[in-house]
Amino acid sequence: MRRVLTGHGASRGLALGSARVRMPRTLGVGERHVPAARVRGELQRLQHALAATRDEMRALREKLQGALSDDALEFVDLHALLLDDPELVQALDTLIRQERYSASHALRVQRDRLAAVFERMDDPYLKARLDDLDHIIGRVHAHLHRREPATARGTAGEILVCDNLAPSELAQLQAQGVVAVVSAGGSPLSHSAIMARSLYLPLVVGIPEALAGIGDGDVLMVDGENGRIVVDPDPADLRDYRSLQQQEARELRGLERLRSKPTRTLDGTDIALYANAESREDVARAHAVGAAGVGLYRTEFLFLQSEQTPGEDEQFLAYRDAVLAMDGRPVTFRTLDLGADKADRAGLALANEDNPALGVRGVRLSLLYDHVFDTQLRAIARAAAYGPLRVLVPMVSCREELLIVRKRLRRAVAAVRRRGVAVEPPPLGAMIEVPAAAIGVHGLLDAVDFLSVGTNDLVQYLLAVDRNNDALGDLYSPLHPGVLRLLAHVLDAGAQRQVPVAVCGEMAGDPLLAPLLLALGLREFSLHPSHLLELRRAIRECDLSRLLARRPALLRARDRRGIERWLDATASA
Ligand code: PEP
Ligand code: MG
């Protein structure tokens, strides 16, 4: 039956496909126990569900044979093997026979037992197999609760419906044919959302009813821009979908005309628009839309995709190619920012920290692993032979960290020069995302060549609101008087000492916030390249002198409503 579910748009794009539901780590099940007379029936239900899942996996394998690499097929085989694993199958049988559990409850109990074993594993690769277990249990669960088992449908690709998703998982999804993702939890500002935008994979987050309301094989229409999904769309929806697709194409054509235009306000001030990039595709797109350079290259994404820490040569090639692709425009390489919700598959990021967001992440992790950090700095130094680049340090909380990094960078450059490569030490910058670094920015200015404000983390630390926790709802917002005052403070400090300051958090990519950031003094934005032309269009409609005249009113706003009123008044002026 047709239903419309709404959440938050986290990565734009339209998709139409059939749902593949991955159940959360704890399965929601109805009855726990069944009377003795129903035990046989429950065992049969379970056997049917297992058999249907096996058939489904076989059909999936046949469908994917030849279309996927052997590695990806191994992943499908692993799921089939799990289905026959005695640890799962026999244990389920025992739980139903002896404990008189319902099939669903037995599934959940055994899943939780196995999950506890996986969770205790130190090896991050094995630990991640818990997702495989969940995937397969989710399929069996779906068969248990459906009269008609789901079959692989159509060729439009699958839409993953899940509770939540780690950024590293997203990297594998496209290879599996997934065309969009819908998650019950999550936030548009999470690293997963950033990754999805980078992959151009539509993502809608924050639909708690998605898992209960969508079944495997349901047809879904996903609008990643507006955070809306239609389950079992009717012919009118499908017509809307086609017309939205056409509208999007028209809009894109309109924006395309801005590719070669300057980013200049109505009264003639040039604004620099840099791109955030995680991949080769992002860099290519940054160049294509006329970005002033790459303002934030998240090097950790190279580390998230591989099961081994990438070596110097592998990193060098990736960095060199980014520099070459930008053809003379600078590329800002942010050093490894692992930790918190960005856990690599090779296991560098520490597991089991009590409070990972305040733990060993960003530059702290780099300074813990001398060898990894020096390798990365040498790889970046080598790439400097191919064009302009800069080095940006994440999660800086004090001046001392910058002084150490500067020294290590010089040492890396010297090592590369000894190999006969003529390079100069690249400019060094700090991310401003820890409140103390923002408040005490005067102490950092002579230790850096530039600054970049990471508002994603700055907002979470300043407001004490986890950027990934959707239960906190609207509390996570840059539209807070404390955030704006702190931004103004950093921008003013940079302007006084002529140290360039950019903003590279997600707020910089929101065209509706452009007047606010310009009024605060921002002249360098760094954002995902897919939003760059829209931001250019918005800035070209701004009158900077009028915005500056309204800056005192903005800083006087006492709450979010006051800031929104300022924005509304600016838009209608
Ligand atoms: C930020 O914190 O604003 C930022 C750009 O870094 P990331 O989102 O990668 O943490
Ligand atoms: Mg950050």
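Residues numbered from 1 in each chain as written. Chains lettered and ligands numbered in written order. Predicted model: local features only at pLDDT ≥ 70, side-chain atom pairs only at ≥ 80, totals over all residues. Heavy atoms only, no water.

## Focus: the environment of Thr6
Note on placement: Thr6 falls in strand S1 (residues 3-6). When near neighbours in sequence (up to four residues on either side) are disregarded, Thr6 contacts Gly206, Ile207, Gly227 and Arg228. (Helix = DSSP H or I, 4+ residues; strand = E, 2+ residues; numbered from the N terminus. Contact = heavy atoms within 4.5 Å.)

## Topic: the nonpolar core
One finds Val181, Tyr297, Leu451, Leu516 and Phe525 to be the most contacted residues of the largest nonpolar core, which totals 114 residues. Counting residues per element, this core draws most heavily on helix H18 (residues 481-496), at eight residues. (Core = buried A, V, L, I, M, F, W, Y, C linked by side-chain atoms within 4.5 Å. Buried < 20%, exposed > 50% of the residue type's maximum accessible area, 1.4 Å probe, protein only.)

## Here's the deal with the domain arrangement of the protein chain
It is common to report an interface's size as the accessible area lost on association of the parts. By the assigned domains, the protein chain splits into domain 1 (3-24 + 151-237), domain 2 (36-144), domain 3 (254-271 + 465-573) and domain 4 (282-426). Relative to domain 3, the C-alpha centre of domain 1 lies at a distance of 30 Å. Each partner contributes to the interface: domain 1 provides 13 residues, whereas domain 3 provides 10 residues. Viewed at the interface, domain 3 and domain 1 are joined by two salt bridges. Its salt-bridge partner being Glu534, residue Arg12 comes within 2.4 Å of it at the nearest N-O pair. Linking domain 1 with domain 3 are five residue pairs in polar contact (both at pLDDT 80 or more), by the criterion used here. In the side of domain 1 that touches domain 3, the residues fall into four nonpolar, seven polar and two charged. (Domains from an automatic or database assignment. Salt bridge = Lys/Arg side-chain N within 4 Å of Asp/Glu carboxyl O. Polar contact = N/O pair within 3.5 Å; in protein donor to acceptor, adjacent residues only side chain to side chain. Nonpolar A, V, L, I, M, F, W, Y, C, P; charged D, E, K, R; others polar.)

## A closer look at the sheet that holds strand S16 (residues 524-527)
Taken in spatial order, the eight strands of this closed barrel run S9-S10-S11-S12-S13-S14-S15-S16, and their pairing is parallel. The average undirected angle you get between the axes of adjacent strands in this sheet is 25 degrees. Relative to strand S13 (residues 428-432), strand S12 (residues 389-393) is paired through three bridges, and the arrangement is parallel. Note on S13: the bridge partner recorded for Leu392 is Gly429. Relative to S13, helix H15 (residues 399-418) is tilted by about 145 degrees, and along the sheet it contacts S12 and S13. (Pairing = 2+ DSSP bridges. Axes fitted to C-alpha atoms, helices over the stretch in contact; angles between N-to-C directions.)

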